[in-house]
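The chain contents come next:
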Amino acid sequence: MKPKFDLLALGAVAVDDLLYAASYPAPDEKAAVLRRERQCGGMSAIALITAARLGCACAYAGVLGREELSDFAAAQMRAEGVNLKHLARRAGVRPIHSVIIIDTVRGSRNIFFDVSGVLGAAGDWPPEAVIASARVLFVDWFSIPGMIRAALVARR
C-alpha cells in the first residue's frame, strides 16, 4: 500500500505571541513594545509546516480544543498545506501558549509558556489505519502513553 502521508505528527502545537522590545527591562522597569505578532509554533507544527513547504504530504492528527488558540493553530497549519482531516477536537484541550519577549538590541529572547490543557497525543486517537498510512511518524514528549501507542502501531 502506498503511504497517504509523508509525515504524520501527533504532538503538541503552540501559539506564540511575540513582543519585540529594544531591550528586556530590569525588574520593576517598563519597556515599550516595538512590534507584536502571533505565530504557530511547537515542535510538531514546525516540523509539519517545514516539510509541507518542502513539498511533502503532511498531516496533523493530534488533539486541539474548540477555542480561539486552537482555531488559530489549525488555521495556520491549514494555510501552510498541512492536512487536518484527522485532527481531533475536544473540550478543555488547547495548544501551548507562549509569550516571547524579544530583545532586538541583544538578539535574545525570554519565553513564558503555559502548558495547562495541552494534550498532544491521545491514547485513543488517531485510528491505527491513519498511523499506518504515513511514511514517517513524528512524536514528541507530550502525552507519552499516546505517543508510545502510536510508535508501536507505526513499527508494526
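Before reading on, note that the structure itself is shown above.
Residues numbered from 1 in each chain as written. Predicted model: local features only at pLDDT ≥ 70, side-chain atom pairs only at ≥ 80, totals over all residues. Heavy atoms only, no water.

Asks: Is there a simple way to think about a nonpolar patch on the surface in this case?
Replies: A grouping of Met43, Trp141, Ile144, Ile148 and Leu152 is seen on the molecular surface, where their side chains present a nonpolar patch of about 540 Å² in accessible area. Tallying contributions element by element places helix H4 (residues 144-155) first for the nonpolar patch, with 3 residues. We classify Met43 as partly exposed; its relative accessible area is 48%. (Patch = residues over 30% accessible without salt bridge, like charges linked within 9 Å, V, L, I, M, F, W, Y side chains within 5 Å. Areas by Shrake-Rupley, 256 points an atom, 1.4 Å probe, with all protein chains shown as cover. Salt bridge = Lys/Arg side-chain N within 4 Å of Asp/Glu carboxyl O. Helix = DSSP H or I, 4+ residues; strand = E, 2+ residues; numbered from the N terminus. Buried < 20%, exposed > 50% of the residue type's maximum accessible area, 1.4 Å probe, protein only.)

Asks: Help me understand the nonpolar core, please; the structure alone is not making it clear to me.
Replies: A general feature of soluble globular proteins is that nonpolar side chains tend to end up buried together. Ranked by size, the top nonpolar core spans 21 residues in total, and within it Val13, Leu48, Tyr60, Leu64, Met77, Val82 and Leu84 carry the most contacts. Mapped onto this core, the elements with two or more residues apiece are strand S1 (5-9), helix H1 (43-53), strand S4 (58-60) and helix H2 (68-79). Among all residues touching Leu84, those that are not within four sequence positions of it are Tyr60, Ala74, Met77 and Arg78. Core analysis: the second largest hydrophobic core is formed by 12 residues, Leu8, Ala59, Ala121 and Ala150 among them. (Core = buried A, V, L, I, M, F, W, Y, C linked by side-chain atoms within 4.5 Å. Contact = heavy atoms within 4.5 Å.)

Asks: Help me out: how do you make sense of the pairing of strand S2 (residues 14-21) in this one?
Replies: Look at any regular strand and the pattern is simple: side chains alternate between the two faces of the sheet. For S2, the buried fraction is high: 8 of the 8 residues fall into the buried class. Bridge count between S2 and strand S3 (residues 35-41): 7 bridges; the pairing is antiparallel. Considered in S3, the bridge of Leu18 is made with Glu37. Direction of pairing for S2 relative to strand S7 (residues 96-103): parallel, over a ladder of 8 bridges. The residue bridging Asp17 from the neighbouring strand is Val99, located in S7. (Pairing = 2+ DSSP bridges.)

Asks: Help me understand the packing of aromatic side chains in this model?
Replies: Aromatic rings in a pair are described by how distant their centres are and how their planes are angled relative to each other. Summed over the entire model, instances satisfying the criterion amount to 1 aromatic pair. Aromatic side chains Trp141 and Phe142 sit 4.3 Å apart centroid to centroid with 25 degrees between the ring planes, which places their arrangement in the stacked category. The residue whose ring lies beneath Arg35 is Tyr20, and the NZ or CZ to ring-centre distance is 3.9 Å. In this structure, Arg38 is placed above the aromatic ring of Phe72, and the distance from its NZ or CZ to the ring centre is 5.6 Å. (Phe/Tyr/Trp six-rings, centres within 6.5 Å; stacked < 30°, edge-to-face > 60°. Lys NZ or Arg CZ within 6 Å of the ring centre and 35° of its normal.)

Asks: What am I meant to see in the pattern of salt bridges here?
Replies: Note on pairing: side chains with opposite charge can pair once their charged atoms come close. For the structure on display, the rule yields 10 salt bridges. In this structure, Arg38 engages Glu68 in a salt bridge whose closest nitrogen and oxygen atoms are separated by 2.8 Å. Of the two residues, Arg38 sits in strand S3 while Glu68 sits in helix H2, which places them 30 residues apart along the sequence. The class of Arg38 is partly exposed, set by a relative accessible area of 30%. Glu68 sits in the partly exposed class, given a relative accessible area of 48%. Among the salt bridges present, the one from Glu80 reaches Arg53, with a minimum N-O distance of 2.8 Å. Here the residue Glu80 occupies a position in the loop between H2 and strand S6 (88-89), and Arg53 occupies one in helix H1, the gap between them amounting to 27 residues. Accessibility expressed as a relative area gives 60% for Arg53, which makes it exposed. A single network of salt bridges, built from pairs that share partners, joins Asp17, Arg38 and Glu68.

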